[in-house]
Amino acid sequence: ARALHAARGCPDAWYRVQALASVAEHAEQHLVLSILEEAAREAQSCHDAYGTVAVMAWPLGVALRQGQFNFAGRELKKCLALASRVEPRASQAYALEILWTACFAADPGHAEPVWNRILELCHPDHSWRAARLYLHIAEVRHNRDPGGAAAVIRAMRPGKTRSWLERRFGLV
């Protein structure tokens, strides 16, 4: 109860959502969903779409680890829809990287919808953050499965970043 009270007392929505997610992760099972719902509502108080999309990585990660799949699916769908409104594009790439990382850490299958949205929204050559996003995903996938980087690179649009990653992972 004290941790929940302290989390609610965080003055900035970004930190309040993270604190609520942390409380939910350690709460009794019957309280987890209501705390996650509160975190999702608080995420809407972030000052822009970037903040809302990126900070939801914390409650989504907890939800996936705690088996709250209905919550996770519903909120992930909202985040992916809102991602198209994140400006500038470099921030959009970073918000999706944070989201993908949280989902992948819980279970690679849960990161697939985020990956599909990344492919739609983030051209790898449009910013250094977009290039870094694709590098990060290729490295994580490669560490899990040696063929994982090749799958990431094959899905990318042709261009400078794709060529660089093909060389980096020895695919040319």
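Here we summarise the structure given alongside this text. All values derive from a computational prediction rather than experimental measurement.

## Quick notes on unusual backbone geometry
Here comes step 1: A cis amide bond links E87 with the next residue in sequence, P88, at an omega value of -10°.
Here comes step 2: Position of P88 relative to the elements: it lies in the loop between α6 (69-82) and α7 (89-106).

## Digging into the packing of helix α5 (residues 57-65) against α7
Here comes step 1: Here α5 crosses α7 at 10°, and the two axes come no closer than 9 Å. Considering their axes alone, α5 and α7 lie roughly parallel with respect to each other. You can see that α5 and α7 cross each other, and the crossing is right-handed. The segment α5 lies against α7, with A57, W58, L60, G61, L64 and R65 engaging I98, L99, A102, C103 and A106.
Here comes step 2: Here the residues of the contact of α5 with α7 are counted per class, giving nine nonpolar, one polar and one charged.

## Re the nonpolar core
If you look at soluble globular proteins, the nonpolar side chains tend to sit buried side by side.
Here comes step 1: L96, L99, W100, V114, I118 and C122 are the most contacted members of the largest nonpolar core, which totals 59 residues.
Here comes step 2: Sort the elements by how many residues they give to this core and α7 lands first, with nine residues.

## Points about the pattern of salt bridges
Here comes step 1: All chains considered together, the criterion is met by ten salt bridges.
Here comes step 2: Here E25 makes a salt bridge to R65, at a shortest N to O gap of 2.9 Å. Of this pair, E25 sits in helix α2 (residues 13-26) while R65 is found in helix α5, placing the two residues 40 residues apart along the sequence.
Here comes step 3: Accessibility expressed as a relative area gives 29% for E25, which makes it partly exposed.
Here comes step 4: Salt bridges here are not isolated pairs; linked through shared partners, they connect E37, R74, E75 and K78.

## Remarks on helix α9 (residues 128-144)
Here comes step 1: For α9, with 17 residues, the first-to-last C-alpha span of 24 Å sits near the 24 Å given by 1.5 Å per residue.
Here comes step 2: By the burial criterion, the buried members of α9 are A130, A131, L133, Y134, L135, I137 and A138.
Here comes step 3: Buried residues in α9 make contact with α7, α8 (112-121), α10 (148-155) and α11 (160-168).

Analysis parameters
Residues numbered from 1 in each chain as written. Predicted model: local features only at pLDDT ≥ 70, side-chain atom pairs only at ≥ 80, totals over all residues. Heavy atoms only, no water. Helix = DSSP H or I, 4+ residues; strand = E, 2+ residues; numbered from the N terminus. Axes fitted to C-alpha atoms, helices over the stretch in contact; angles between N-to-C directions. Parallel < 35°, antiparallel > 145°, perpendicular 65-115°, else oblique. Left-handed = near helix turned anticlockwise from the far one by under 90°. Contact = heavy atoms within 4.5 Å. Nonpolar A, V, L, I, M, F, W, Y, C, P; charged D, E, K, R; others polar. Core = buried A, V, L, I, M, F, W, Y, C linked by side-chain atoms within 4.5 Å. Buried < 20%, exposed > 50% of the residue type's maximum accessible area, 1.4 Å probe, protein only. Salt bridge = Lys/Arg side-chain N within 4 Å of Asp/Glu carboxyl O. Expected span 1.5 Å × (residues − 1).

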